[in-house]
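Listed here are the chains, written in short residue letters.
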Amino acid sequence: MTDIAKQVGVSQSTVSLVLNHMTGAKVSPATRERVFAVAEELGYQLPRRKTTAPAAPPAASGVRRNLIVYLADELSTTSHPAVTIDGARAAAWEHNCLLSVHVTGADRELEDATLETVLANPAVLGVVYATIFTREVELPVRLARRRDPLPCVLLNCLHRERMLSSVIPGEVGGGYAATEHLIEHGHRRIGFINGEPWMDAARDRLKGYRQALATADLPFDPRLVRDGDWMSGSGFEQAMSLLQLERRPTALFCANDLMALGALEAARQLGLSMPDQLSIVGYDDLEIARHAHPALTTVLLPNFGMGQWAVERLIEEAAAQEPLAPRQIKMDCPLVPRDSVAEIVGARQS
């Protein structure tokens, strides 16, 4: 919607009002037509609601099962969970289902109490169990011990025994894509500012960085790797450290956009021109990345798509005549090229 707004010359709020057919908005017919035209040009997928009900059999009471329970451990720490819920809600509505969101703060007692109440509703189709950080989980008692279990799909998490379908981001591939993009632009000395190393996302993004270097026959130099804490302040501090090395890197890959923004500020304070003297790649594709100067090349964390897949898989399992084998999906994290990466001109580094 931001891209549409830029081309039309209106705010993102106006684009949202038009695309969602909001009544009472004073938007001219010409602007509405232009918004829809640009949306089509850019490939924006307008919601198309399906007219058929989900094929899940009704509950014993005859009530149609069309309520999907979305159980999340956290929503407020970052913007990612909200985007994932948007994807889940959109997929549910396309199948004539409703999404009911419950936040537990990872409190096991609250999880069990919530499930005890909501699963008593005969309209419940199944449960999407979501976590804010990618990790292995132990299922709540109400899901693990249910005699006639409703389908449950894990979102951004995995079960140790892989007994349930799950979807997580393909973080190794994302780290690889970011580093490969810099290598393709001639960079040979690439610094990496990672997040907290105990997290699966940080470990996998580092693994992707190392794999891309190895594929290009470039040595891994641990002096070019720094651990941050996902916040812009640590991006600034670690970038200052890397950029003041005797042989400074010509490019930085930051494991999220906030740290990349901190790195951009560090480069400015050191008087480096970007992207001519320093290229930077972030990760996540946050809204603010589009408005950085230069606009930040980044990697998309596919939150919306993961939310869609989880709900669609849940509906598929609910409709199956026989239990389906669990599926484990790693969703691609594609590169989003913008203006913060430039080709090294002339002789390249050895």
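What comes next is a walk through the structure. (Residues numbered from 1 in each chain as written. Predicted model: local features only at pLDDT ≥ 70, side-chain atom pairs only at ≥ 80, totals over all residues. Heavy atoms only, no water.)

Section: the sheet that holds strand β2 (residues 98-103)
The sheet built from 6 strands is open, its strands ordered β2-β1-β3-β4-β5-β11 with parallel pairing. Looking at the sheet topology across the chains shown, the edges are occupied by β2 and β11 (328-331). Taken over all neighbouring pairs, the strand axes of this sheet differ in orientation by 20 degrees on average, direction set aside. Strand direction decides the pairing type here: strand β5 (residues 165-169) and β11, joined by 4 bridges, are parallel. When the bridges of β11 are listed, serine 166 appears paired with glutamine 328. (Pairing = 2+ DSSP bridges. Helix = DSSP H or I, 4+ residues; strand = E, 2+ residues; numbered from the N terminus. Axes fitted to C-alpha atoms, helices over the stretch in contact; angles between N-to-C directions.)

Overview of the packing of helix α4 (residues 80-94) against helix α11 (residues 303-319)
Where α4 contacts α11, the two axes come as close as 7 Å, and the packing angle between them is 40 degrees. Considered as vectors, α4 and α11 are oriented oblique to each other. Like other packed secondary-structure pairs, α4 and α11 cross with a definite hand, here right-handed. Taken together, the residues of α11 that come into contact with α4 (itself represented by His80, Val83, Thr84, Asp86, Gly87, Ala88, Ala90, Ala91 and Ala92) are Asn303, Phe304, Gly307, Gln308, Val311 and Glu312. (Parallel < 35°, antiparallel > 145°, perpendicular 65-115°, else oblique. Left-handed = near helix turned anticlockwise from the far one by under 90°. Contact = heavy atoms within 4.5 Å.)

Quick word on the pairing of β2
Pairing of strand β1 (residues 67-72) with β2, which is carried by 6 bridges, proceeds in the parallel orientation. Residue pairing across strands places valine 69 opposite serine 100, the latter belonging to β2. Read from β1 through α4 to β2, the crossover connection turns out right-handed. (Right-handed = clockwise from strand over helix to strand, strands pointing away.)

All we've got here are geometric facts, nothing functional implied.
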